[in-house]
Amino acid sequence: MNSNVPFSIDLRSDTVTGPSRGMRAAMAEAEVGDDVYGDDPTVNRLQAVMAERFGFEASLFFPSGTQSNLAALMAHCGRGDEYLVGQQAHTYKYEQGGAAVLASIQPQPLEHEAHGGIAIERIAAAIKPDDVHFARTRLLALENTFAGRVLPAAYVLEATAFAHARGLRTHLDGARIFNAIVKLRSDERAAVSGFDSVSVCLSKGLGAPAGSVLLGSLPLIRDARRWRKALGGGMRQAGILAAAGLYALEYNVERLAEDHENAAILAAGLRDLGLKVELPQTNMVYVDIAAGHIDTLIEHLAARGVRASIGAHTRLVTHLDVTRAKIDLALQAFREYPGWSR
Ligand SMILES: *Cc1c(COP(=O)(O)O)cnc(C)c1O
């Protein structure tokens, strides 16, 4: 790898986005207080804005989405309870199994459908009867977007209504729910209707340096606030971070459409090289790379300032620090790779 090349095009994730000048200014000017006492006016404003926008009674600011999801699961489920979740879902697979490890909540992982949700019949079959042998099934957890795919709105309504009819609660890991909202030209309230709680990341495509918001009823958020403190997430002058979130909500939501457009352009260009590429729905492009090319392609791209998580099933992510011009440069770097013909 050529260490003289700065990585000017980073396609590994939308988490790599840096705070813009305007966002930094908003952070510098934020009014703050001790949020564990509930005294931070900027945190309180972010929580009020998010609750209003998504149509929930209350909301709570967290340092990370992992902690927001975990506190939500702990607010819904007690020790020995169970939640139904996708095999590849973030709360199950990418959070070290925190629900089981830290909260004594049993996950029941289930296969996904192609759209990213879990088939209603599969959910139905996994709900345990009231029997001393079984954990108590309490919660259905879905994720939207899932691997860059937008859950169909009709499916979400059907699955959440079914869960409620069977006495379950519903949680949405909406880390990238704004990508789904922009893609569907939906609105916040419609996109999350049916869920008892929703976790939203501000630190992905929205470009804030840190922070997630959990949405729910007043009693749920009261419980989640207690768990957040136990999990070490009680922050003090957190308004500095909340100001970045408020800025992101104002300036960085509609522009997600540009990331989706750039993903489509990137996918089309890679397909022209003869690669097997999934048609992207939002800001993630999945492309298959033959095993023999992985190491050489990583090196080739790195030398051209393109950083990407190249693997057999490569994920390339577009975001606000990857302009259209950078997409063209990235494609040029892929095109120049001499190995495709072999
Ligand atoms: C990023 C992400 C989260 C939260 O991750 P943190 O890095 O802890 O903020 C949760 N779910 C999904 C689907 C994510 O992509």
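The structure contained in this document is the topic of the report that follows. A quick note: this is a predicted structure, and the numbers were derived from the prediction, not measured. (Residues numbered from 1 in each chain as written. Predicted model: local features only at pLDDT ≥ 70, side-chain atom pairs only at ≥ 80, totals over all residues. Heavy atoms only, no water.)

Looking only at helices and strands, the chain features 14 helices and twelve strands. Here the C-alpha radius of gyration of the chain, 21 Å, is about what a compact globule of 342 residues would show, namely 20 Å. If you line up the chain on its principal axes, its C-alpha atoms span 60 × 50 × 35 Å. Within the span of the chain, comprising 342 residues, buried residues form 53% of the whole. (Helix = DSSP H or I, 4+ residues; strand = E, 2+ residues; numbered from the N terminus. Rg over C-alpha atoms; globule rule 2.2 N^0.38 Å. Buried < 20%, exposed > 50% of the residue type's maximum accessible area, 1.4 Å probe, protein only.)

Geometrically, a packed helix pair is captured by the angle between its two axes and the distance between the axes. Their axes nearest at 8 Å, the elements helix H3 (residues 65–76) and helix H10 (residues 218–230) cross at an angle of 120°. One element, H3, and the other, H10, form an angle in the oblique class. Every pair of crossing elements has a handedness; the one defined by H3 and H10 is right-handed. Where H3 abuts H10, its residues Gln67, Ala71, Met74, Ala75 and His76 lie against Leu220, Asp223, Ala224, Trp227 and Arg228. (Axes fitted to C-alpha atoms, helices over the stretch in contact; angles between N-to-C directions. Parallel < 35°, antiparallel > 145°, perpendicular 65-115°, else oblique. Left-handed = near helix turned anticlockwise from the far one by under 90°. Contact = heavy atoms within 4.5 Å.)

Now for the layout of surface pockets. Considered as a void within the structure, the largest pocket measures approximately 520 Å³ in volume. Forming the walls of the largest pocket are 30 residues, and the residues nearest its centre are His90, Tyr94, Glu143, Arg176 and Arg315. Here the element with the most residues in the lining of the largest pocket is H3; it accounts for three residues. Residues belonging to the lining of the largest pocket are distributed by class as follows: nine nonpolar, 15 polar and six charged. As a volume, the second largest pocket reaches approximately 190 Å³. (1 Å grid on protein atoms, 1.4 Å probe; cavity = no way out; pocket = protein on both sides within 12 Å on 5 of 7 lines; lining within 4 Å. Points joined across faces, edges and corners; volume = space filled by probe spheres on them. Nonpolar A, V, L, I, M, F, W, Y, C, P; charged D, E, K, R; others polar.)

All right, on to the site of the ligand then. Looking at the ligand, the residues that line it are Ser64, Gly65, Thr66, Asn69, His90, Glu95, Glu143, Asp173, Ala175, Arg176, Cys201 and Lys204. Contact distances for the ligand include 2.6 Å between an oxygen atom and a side-chain N or O atom of Thr66. Protein contact buries 81% of the 380 Å² of open area that the ligand shows by itself. Here the ligand occupies the largest pocket. Ranked by residues supplied to the shell around the ligand, first place goes to H3 with three residues. (Near = heavy atom within 4 Å. Polar contact = N/O pair within 3.5 Å; in protein donor to acceptor, adjacent residues only side chain to side chain. Areas by Shrake-Rupley, 256 points an atom, 1.4 Å probe, with all protein chains shown as cover. Sits in = over half its atoms within 2 Å of the grid points.)

Take the sheet that holds strand E4 (residues 106–110) next. Pairing in this open sheet of seven strands is mixed, and the strands run E2-E8-E7-E6-E5-E3-E4 from one edge to the other. If you trace the sheet from one side to the other, it starts and ends with strand E2 (58–62) and E4, each paired once. Strand-to-strand twist of the sheet, defined as the mean angle between neighbouring strand axes without regard to direction, takes the value 20°. Of the strand pairs in this sheet, strand E7 (residues 197–201) and strand E8 (residues 212–216) are connected by four bridges, and their pairing is antiparallel. (Pairing = 2+ DSSP bridges.)

The next point concerns empty space enclosed by the protein. Within this structure, the stated rule accounts for three cavities of 30 Å³ or more. As a volume, the largest cavity reaches approximately 50 Å³. Contributing to the lining of the largest cavity are Ala175, Arg176, Ile177, Phe178, Asn179, Val200, Cys201, Lys204, Gly205, Leu206 and Leu256. Elements that contribute at least two residues to the lining of the largest cavity include exactly helix H8 (177–184) and E7. Among the residues forming the lining of the largest cavity, the class breakdown is seven nonpolar, two polar and two charged.

A word on the sheet that holds strand E10 (residues 284–288). What the three strands build is an open sheet, ordered E9-E10-E12; its pairing is antiparallel. Edge positions in the open sheet fall to strand E9 (276–277) and strand E12 (313–317), since each of these has one partner strand only. Direction of pairing for E10 relative to E12: antiparallel, over a ladder of five bridges. The residue bridging Tyr286 from the neighbouring strand is Arg315, located in E12. Contacts from helix H12 (residues 256–272) reach E9, E10 and E12, with the element oriented near 15° to E10.

What follows covers the pattern of salt bridges. The full count for this structure, using the stated rule, is 14 salt bridges. Residue Arg53 is joined to Glu188 by a salt bridge in which the shortest nitrogen-to-oxygen separation is 2.9 Å. With a gap of 135 residues between them, Arg53 in helix H2 (residues 41–54) and Glu188 in helix H9 (residues 188–192) connect regions that are remote in the sequence. We classify Arg53 as partly exposed; its relative accessible area is 24%. (Salt bridge = Lys/Arg side-chain N within 4 Å of Asp/Glu carboxyl O.)

Time to look at the packing of aromatic side chains. Evaluated as defined, the whole model comprises three aromatic pairs. Where Tyr247 meets Tyr251, the ring centres are 4.4 Å apart and the plane angle is 40°; that geometry is what we call tilted. Of the two residues, Tyr247 and Tyr251 both sit in helix H11 (residues 239–251), four residues apart, roughly one turn of that helix. A relative accessible area of 47% means that Tyr251 is categorised as partly exposed. Here the aromatic rings of Tyr337 and Trp340 are separated by 4.8 Å at their centres, their planes lie at 65°, and the arrangement is edge-to-face. Judged on exposure class, the residue Tyr337 and its partner Trp340 are both buried. Note that Arg228 overlies the ring of Phe62, its terminal NZ or CZ placed 5.9 Å from the centroid. (Phe/Tyr/Trp six-rings, centres within 6.5 Å; stacked < 30°, edge-to-face > 60°. Lys NZ or Arg CZ within 6 Å of the ring centre and 35° of its normal.)

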